[in-house]
Amino acid sequence: MTDIPTVFVVDDEPAMRDSLKFLIGSVGIAVRCFASAEEFLASYDPRAAGCIVLDVRMPGLSGLELHEQLAQERFTPPVLMITGHGDVQMAVRAMKVGAMDFIEKPFSDQVLLEHIHHAIEVDTKRRAELEELVVLEARRSTLTSREREVFSLVVVGKPNKVVAHELGLSQKTIEVHRAHAMEKMKANSFAELVKMAVALGERAPDVHPTKE
Amino acid sequence: MNAHDREPDHALPRVLPSGVGRGVVWSDQLDGDRRISSSSSLSMRLGWSANGDARIEHRSWTQAVCVEDRERARRFLEAADLEGGEIDLRLAGGHRHEWIRLSLVGKDDENGLLCVARDATREHQLASAMEAWAATPEPRSSAWTLGRSVEHLAHLTGAELVLISERLPEPDQDRARVLAMAAPHTAVQILEHGIRGEPWEDAFEGRTILTRESPRERWPNVPLFQHLEAQAFLCFPLGSPEGQPLGVVMGVFRQVPDDQDWVEDLFRLCTGRIALEVQRMHSVGKFVVPVETPDQHTGLISRSAERYRAYVEGAATAIWCLETDHPISLRSGLTEVANQILKHGRLVECNDAFAHTLGRQTARDLVGARTSELPAFAEGAPGQALRKLIDAEFLVGHAEVAEVRKGAPARHLAFDLLPILEDGAFLRLWATQSDVTQSVEEREALRASHRQLTSIFDSALDGIFVLDQALSVVDVNGAFLGIAGADHHDVLGKHVSAFDAGSNSATVESLARAAEAQGPYRIRVSLQRMDGTPFPAEVSFCHRNDEGGRTYGFVRDRSVEVDAEERDRMHRNQLTHISRLNTVGEMAAGIAHELNQPLAAIVNYTRGGIRHLRASDVENPELMRALEAAADQAERAGDVIRRIRSFIRRGEKQVEITRLNDILRESLALAEFSIRRSQVRLEVDYDPEDRLVLADRIQVEQVLLNLIRNALDAVRETPESERVIRIRTLSQSEHAGLVLVCDNGPGLDPSDVEDAFAPFVSTKAEGIGLGLPISRSIIEAHGGRLWCEPLEDGTTCFRFTLPFRSEHA
């Protein structure tokens, strides 16, 4: 994982590539340039931090198509679209797949650089969240299936008594499972556990109460 | 006769002008002794304009005169010499019944004998009529004689009808009775008629009256005249040699006779004989052949009988005669007469030809047989023929009967029946019978072909009209009435110019005339309907010289077609217009785009430069100011371009929900002509799914047309037989449709593919290189993509996508 955020510029126009590199480089941000979407994909590493500046119109895979392809991945770095002739339809399409911004050429350096700074911030934040999530997922994977069940049910706010009834276990056993889960998830408080569950997108499992 | 006195104006003409009136000049070359050298050297020149038909010029006289009269003519010429004289001769060939009267008028050394002739046909007709009278076989009943005389008179005078009528005795003296009549084309009705009144009475008193009036109007109550198309009638007095009035002979004519004197001569000649017969009839009291023949007539009778036998027995036509044992009064009604004839009649005469029709060899055994014993009369064709005539209230006349036979096709027989009547009673029935199967079949075939033509005429989709020589409409079919918006009675008799819309370079009338001179042809003109609305039409004319010079016209109403053409043309114009506007707009857009890139780079460089300068330790306010000014200017230029582009973009697309296949179909229709002209094989595959797209139809059509045109240009170098353009529509994914336009031209070098889309780059000498960039920007404005990708087999293939219209949108 590279720690230095980099701006990946994909534009078929050499002058645009070079001038963008020069401009972005002037504020001390690392820049890597690619002449086509294909060239970019060949060396694309989703772990590389930063953002992507895409020209919409390019021979071969267009900027929009490249973005659509990237958007299918679990994690997509923020994308800034630049275009010489943007129109509303194109902008809407770009935004639908999650482009952060749509900038028309020629643009003021101020605007572009602000957007890039913002995108890098977003990327850093998203990456941190992702990293945390990965840790939480790893912890959750250490839970036994019973602990997992109990974890899912208690974090949505169900009292132990109800959980015990639903799973057909004693309240005592539930308390033990819950304590194990807290410990394995490294949660200092129940509130922290609930926060983790939210981050993991945990939802109550669909269990039917067992009849006594 | 002295020829010079008679025909002074024809004396010795050296050269007879052609076309001179009734004149014939015979010229005989004389030798030095003023003798006729040889008969074969005689020549004749005939300018025969009496009836406009006979014209013989410079023929040897032996050819001009009929064979029988040649010897007589030669002798006349040899003997005549200077004496002068006259001779009547018959002409040869088709003019055999024409006579010329030749008068020798003189001679000269050069030309020889000169004769002038005039038409003597009528004199000879009269003479032969008299001969015919003399030759009439004797004796005959008065009724027969009267019947023959009126027939004869009708034939000679060309009358439609001739009848002999007498005044009835008291108490019916104000009525007239028809004793006999003849109408060559009409069956005779043996009834009494009240033909009395002014001209009749005048004639009865002894005056000859020619009335220029239709007898139908004169005697509206006399049925006999009702179906005659006649404009004149002659009432001729019939009187005894002592001057006592007997009755009136009447002749009815279709037109007033040209030569009234001639007609009256003939009537005069015949009425003498008729008067004798009528008188005899009155004195004897009934029409009976005298049984005891006077001795002096014996020879005549036997000769006449011989002639009769020869005629009857040798005839190919079947002849038979029925007689009843007793005369049957006509007053009992015609049906009764027929029944009596068929039930109680006896076959008194018949020839072998009739016997053959009954399957017998000879007539001998048949004569004397009862009609009741012969199935032919009980239920066969002869019986049917008689009943058929009776049903039509005629006893005399012509009837045709179809005889149905087992195992053989029906046979058609024609009968002519002639009853012999005396004093209002039936004596016997003469009949001739002939097999007319062939002519009936021919007639039926003609009718069938007529029916076929009629049904073609009536059911034709094109309007058909028939014009007479004056170009008035004589017939039209239903389709024509539909086109003209008229009924039969509106159109018939109208001159063809009534349908001329008046906006043609040539009148319809002159066009119809042209068919006469140039033969059939087809032309597009503007016609008008009955209500005066003009409509475009395609008319073909053809003219036939026979049948009175009819011109046939066939009309196709082109208004629907022309409307479609007009719409098509408008669509094309619109497309061209939009295409031109787009081209201008796209040129601006292209320039703007092309400038935009370097401008953006300039801005980036200068702004980047400023930042670098700021970040460094170097203090250079001059450089900083220059860089900032440069960046400002570049941004200003960018703004200008942005404004231009937003102005161009204001011409919004006219989007509608449509189908890719429909757009393709319409584009192909527009390109049809170019495709056909390029001799290229076109393969089109339509997407069976054919989903909806949201598009500016005209713009997308323009893209397709552009790609098709490029493909057509690309295959120009390919041999004609191998030129193929393939166009497909298909669904590329769930979201977008794909259109492929592929050609097997030389193909694009992969490195040139992107160049093809650059503005102002063209491989064509006359191109400005905007076709593909414009097409691409149109497709991109639609949210699609346009690119070029060769197929595996190396064919060039341009493709574009258009997003499907999402169902919920």
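Our structure is the block above this text.
The residue numbers shown here count from 1 along each chain, following its written sequence. Note on labels: chains are lettered from A, ligands numbered from 1, in written order. Under the rules for a predicted model, residues below a pLDDT of 70 receive no local features and side-chain atom pairs below 80 are neither given nor counted, while totals for whole chains, interfaces and linings still include all residues. Excluding hydrogens and water, the side-chain figures rest on all heavy atoms present in the structure.

J.: Any chance you could explain the interface of chain B and chain A here in plain terms?
T.: Note: interface size is frequently given as the accessible area lost on complex formation between the parts. It only takes one pair of heavy atoms within 4.5 Å for two residues to be counted as in contact. Taken together, the 27 residues of chain B in the interface contact 30 residues of chain A. Buried area counts how much accessible surface, traced with a 1.4 Å probe, disappears from two parts once they are put together, with both parts' losses summed. Counting each side, the surface lost to burial between chain B and chain A is near 2,500 Å², with a carbon and sulfur contribution of 50%. Only one rule defines a salt bridge in this text: a Lys or Arg side-chain nitrogen within 4 Å of an Asp or Glu carboxyl oxygen. One can count 3 salt bridges joining chain B with chain A. Two N or O atoms count as a polar contact when they lie within 3.5 Å, although within protein this holds only if one can serve as hydrogen donor and the other as acceptor, and sequence-adjacent residues are included solely when both atoms are side-chain atoms. At the junction of chain B and chain A, the tally comes to 4 residue pairs in polar contact (both at pLDDT 80 or more). Runs of E in the DSSP output that reach at least two residues are strands. Runs of H or I that reach at least four are helices, and both are numbered from the N terminus. Of all the secondary structure elements, the ones that give two or more residues to the side of chain B that touches chain A are helix 20 (559–615), helix 21 (621–649) and helix 25 (771–781) of chain B. It is helix 20 of chain B that contributes the most residues to the side of chain B that touches chain A, 14 residues altogether. Across the side of chain B that touches chain A, the residue classes break down as 6 nonpolar, 11 polar and 10 charged. In this classification, the charged set is Asp, Glu, Lys and Arg, the nonpolar set is Ala, Val, Leu, Ile, Met, Phe, Trp, Tyr, Cys and Pro, and all remaining amino acids, among them Gly, are polar.

J.: Please clarify how the sheet that holds strand 19 (residues 521–528) of chain B should be interpreted in this entry.
T.: Within a sheet, neighbouring strands are paired by backbone hydrogen bonds and run either parallel or antiparallel to one another. Residue and element names in this part refer to chain B. In this description, strands pair whenever DSSP reports at least two bridges between them. Read from one edge to the other, the open sheet built from 5 strands follows the order 18-17-21-20-19, with strand pairing classed as antiparallel. The open sheet terminates on both sides in strands that have one partner only, identified here as strand 18 (473–476) and strand 19. Taking the axes of each pair of neighbouring strands and ignoring which way they run, one obtains an average angle of 30 degrees across the sheet. The pairing of strand 19 with strand 20 (residues 534–543) spans 8 bridges and is classified as antiparallel. Residue pairing across strands places Leu527 opposite Phe535, the latter belonging to strand 20. Note on definitions: angles span 0 to 180 degrees between N-to-C directions of axes, and those axes are lines fitted to C-alpha atoms, for helices only across the stretch in contact.

J.: Looking at this structure, how should I read the sheet that holds strand 25 (residues 724–731) of chain B?
T.: Residues and elements named next belong to chain B. One open sheet holds the 5 strands; their spatial order is 23-25-26-28-27, and the pairing between them is mixed. Each end of this open sheet is capped by a strand with a single partner; those strands are strand 23 (681–685) and strand 27 (786–788). The sheet shows a mean angle of 15 degrees between the axes of neighbouring strands, direction not considered. Alignment of strand 26 (residues 736–743) against strand 28 (residues 796–803), held across 8 bridges, turns out to be antiparallel. Looking across to strand 28, one finds that Asp743 is bridged to Thr796. Of the strands in this sheet, strand 27 and strand 28 touch helix 25, which is tilted by about 135 degrees from strand 27.

J.: Explain a nonpolar patch on the surface here, please?
T.: Residues and elements named next belong to chain B. Candidates for patches are residues over 30% relative accessible area with no salt bridge; among them, like charges are joined within 9 Å and nonpolar side chains (Val, Leu, Ile, Met, Phe, Trp, Tyr) within 5 Å. Here, Shrake-Rupley sampling with a 1.4 Å probe gives the accessible areas, and only protein chains in the shown set may cover a residue. Where nonpolar side chains cluster on the molecular surface, the patch consists of Val655, Ile657 and Leu694 and spans about 240 Å² of accessible area. Inspection of the secondary structure puts Val655 in the loop between helix 21 and strand 22 (656–659). Using a relative accessible area of 43% as the deciding quantity, one classes Val655 as partly exposed. Here the term buried applies to any residue with accessible area under 20% of the maximum for its type, exposed to any over 50%, and partly exposed to those in between, with areas from a 1.4 Å probe on protein chains only.

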